[in-house]
Amino acid sequence: MKTETKKSAKRRRGSDFQLTGSQSDIYQKFTDLIIEKLEQGIIPWKQPWHEMGLPANYLTKKPYKGINLWLLLSCGHQYPYYLTFKQANGLGGKVKKGAKALPVCYWNFAFRDKKTGKVIPEDRIGEYDLKLVSKSVFLKEFKVFPIEQIEGIDWEFPELQEKDPLPINEKCQKIYDNMLQAPGLVHTGSSAYYRADLDQITMPEKKLFDSAEQYFGVLYHEISHSTGHSSRLNRIGVSEPQQFASAIYGTEELIAEMGAGYLNNLTGILDQSLLENSAAYIQHWLNELRNDKHLLIEAASKAQKAVDYILMEPPF
C-alpha cells in the first residue's frame, strides 16, 4: 500500500484496553510460536490449506479464525481437525502419551455496571445508560490436540469437494465483483496501490504480470486494504493519513498480507510464486513481531474482519 500524503500520524498503541498479566502472557506465547515458525522459513498466512479445508474443531465443525487459523495451519498436521482434552474424552477417545497440545485463544468484550461492578449480559445493554457502563476485553487460552494424536475414536470425514471448474480469471474476479460496496478499480501505470481519499485501487494491466495468480494475489492485498475505509471497517491505518514505515502503517500491511493469504487460498491460487518465502521478507516480520507482542493477534483479528466483510456476499 502506498500513502498519498507525507503527513504523519500519532502512534497509537495497538491495544485499546488494559491487559492482566495472564492476558499479556497469552499475547507473548502466540507471538513466540509464530516467530518460531518464521525462523523455520514458514510464513503462516502463506501456507496452503489442507485438501479437507480449514483447520476446524472436529466436534463442532467450526473453523478456527484469526490467529488460531494461521497458527494451526502452519503446523502441517495430517488432518485439519482438533479437539480439546475434554472433547476427546467425551467422544470415548484418549490423548496419546507424549502428545503435544496447541494453544488457541478466544477474546470478547465484557460489560459492567460502573456503580456495582456487576457484569451486564450483552442482550441487556440497551436497558442501561451507556455512561454508567464500562467495557473491557477478556482473552482466554484453550488447549487443543490434532486428532492424529488421539486414539480410540472412529473418525468420520466429510467427502472431499470437487475443485471448482471455473477458469482462474473468472473465479478470482468474483471476489471483487461480489464485494459489497467495492472500491473503484482502474488499470494504469506500473504500481499497485489503494487510495482511501478516492476509495480506489490502481493496478497495472494484467498483461504486465507473469500470471493470473500474481495479478489476483496483488489485487487481493489491495482489496484487503480497502476494507479499512471509513465507509467500511474504519481502520485507523487506512481511514487516517499514515507516515510510510510507521508502526500503524506496518500493522496495516500485515492485515492486508493475512487477508490476501486467505483469499489466495479460497480461490486456489496460492502457488509457489505467491509464497514469497524470502529471507528479507521473513526477517522484516521477525523484527516487527519482536518489537510488539500485541501486533500479531490484533492484526489477525482485523484481517479476519476484513475477509468476512469481503465475503459478506459469497462469490461461489
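Our structure is the block above this text.
Since this is a predicted model, take the numbers as computed values, not measurements.

In this section: the environment of Ser226. Positionally, Ser226 belongs in helix α5 (residues 212-226). It is 9.1 Å that separates the C-alpha atoms of Ser226 and Ala256, two residues lying 30 residues apart in sequence. Beyond its immediate chain neighbours, meaning those up to four positions away, Ser226 contacts Met179, Pro183, Tyr194 and Arg232. For Ser226, the side chain forms a polar contact with the main-chain oxygen of Ile223, separated by 2.6 Å.

So, on to the layout of surface pockets. If you add up the space inside the largest pocket, you get close to 1,400 Å³. In terms of lining residues, the largest pocket is bounded by 39 residues, among which Trp49, Glu51, Gly53, Gln161 and Leu266 are the most central. When residues of the lining of the largest pocket are traced back to their parent elements, those giving at least two are β1 (56-57), α4 (168-177) and α7 (247-267). When residues in the lining of the largest pocket are grouped by element, the largest group, four residues, is from α7. When its residues are assigned to classes, the lining of the largest pocket shows 22 nonpolar, eight polar and nine charged.

The next thing to look at is the sheet that holds strand β9 (residues 193-195). Reading across from one edge, β8-β10-β9 is the order of the three strands in this open sheet, with mixed pairing throughout. Two strands lie at the open edges of the sheet, namely β8 (184-187) and β9, each paired on one side alone. Put simply, the sheet's adjacent strands are angled 25° from each other on average, direction ignored. Note: β8 against strand β10 (residues 200-203), four bridges, orientation parallel. When the bridges of β10 are listed, Gly184 appears paired with Gln200.

Per the stated rule, a full pass over the model turns up one cavity of 30 Å³ or more. What lines the largest cavity is Leu69, Trp70, Met258, Gly259, Tyr262, Ala300, Ala303, Gln304 and Val307. Taken together, the elements giving at least two residues each to the lining of the largest cavity come down to α2 (66-73), α7 and α10 (295-310). Take the lining of the largest cavity: its biggest share by element is four residues, from α10. Class assignment of the residues belonging to the lining of the largest cavity gives a composition of seven nonpolar, two polar and no charged.

What follows deals with the pattern of salt bridges. In this structure the tally under the stated criterion is nine salt bridges. Here Lys143 and Glu141 are joined by a salt bridge, their closest N and O atoms 3.1 Å apart. A salt bridge links Asp197 to Arg195, with the shortest nitrogen-to-oxygen separation between them at 2.5 Å. Given the relative accessible area of 54%, Asp197 is considered exposed. Here the salt bridges share partners, and the residues they tie into one network are Lys29, Glu141 and Lys143.

Once that is clear, we can look at the nonpolar core. Counting 53 residues, the largest nonpolar core has Trp45 and Tyr220 as the members making the most contacts within it. When residues of this core are traced back to their parent elements, those giving at least two are α1 (21-39), α2, α4, β10, α5, α7, α9 (279-291) and α10. When residues of this core are assigned to their parent elements, the largest contribution, nine residues, is made by α10. Beyond its immediate stretch of four places on either side in the chain, Trp45 contacts Ile34, Trp70, Leu254, Glu257, Met258, Gly261, Tyr281, Trp285 and Leu296. The next biggest cluster of nonpolar side chains, apart from the first, holds ten residues, and it includes Ala56, Tyr81, Phe145 and Ile150.

Criteria and thresholds
Note that residues are indexed from 1 along each chain, following the sequence as it is written. The predicted origin of the model limits local features to residues at a pLDDT of at least 70 and limits the giving and counting of side-chain atom pairs to 80 or more, whereas totals for whole chains, interfaces and linings rest on all residues. Side-chain numbers come from the whole structure's heavy atoms, not from hydrogens or water. Helix and strand assignments come from DSSP, with helices taken as H or I runs of at least 4 residues and strands as E runs of at least 2, each series counted from the N terminus. Contacts are residue-level and defined by heavy atoms, with any inter-residue pair within 4.5 Å sufficient. Definition of a polar contact: a pair of N or O atoms within 3.5 Å, with one able to donate and the other able to accept a hydrogen when the atoms are protein atoms, and with sequence-neighbouring residues admitted only if both atoms are side-chain atoms. Buriedness for pockets is judged along seven lines, at least five of which must meet protein on both sides within 12 Å for an open set on the 1 Å grid over protein atoms alone, while cavities are sets there where a 1.4 Å probe fits but cannot get out, and lining residues have an atom within 4 Å of a point. Grid points are joined across faces, edges and corners, and a volume is the space filled by probe spheres set on the points. Asp, Glu, Lys and Arg are counted as charged, while Ala, Val, Leu, Ile, Met, Phe, Trp, Tyr, Cys and Pro are counted as nonpolar; the rest, among them Gly, fall into the polar class. For two strands to pair, DSSP has to find at least two bridges joining them. Here an angle of 0 to 180 degrees is reported between the N-to-C directions of two axes, which are lines fitted to C-alpha atoms, with helices fitted over the stretch in contact. One speaks of a salt bridge when a side-chain nitrogen belonging to Lys or Arg is within 4 Å of a carboxyl oxygen belonging to Asp or Glu. Three labels apply to residues, based on accessible area from a 1.4 Å probe with only protein chains included: buried if under 20% of the type maximum, exposed if over 50%, partly exposed otherwise in between. Buried residues of nine kinds, namely Ala, Val, Leu, Ile, Met, Phe, Trp, Tyr and Cys, make up a nonpolar core once their side-chain atoms join them within 4.5 Å.

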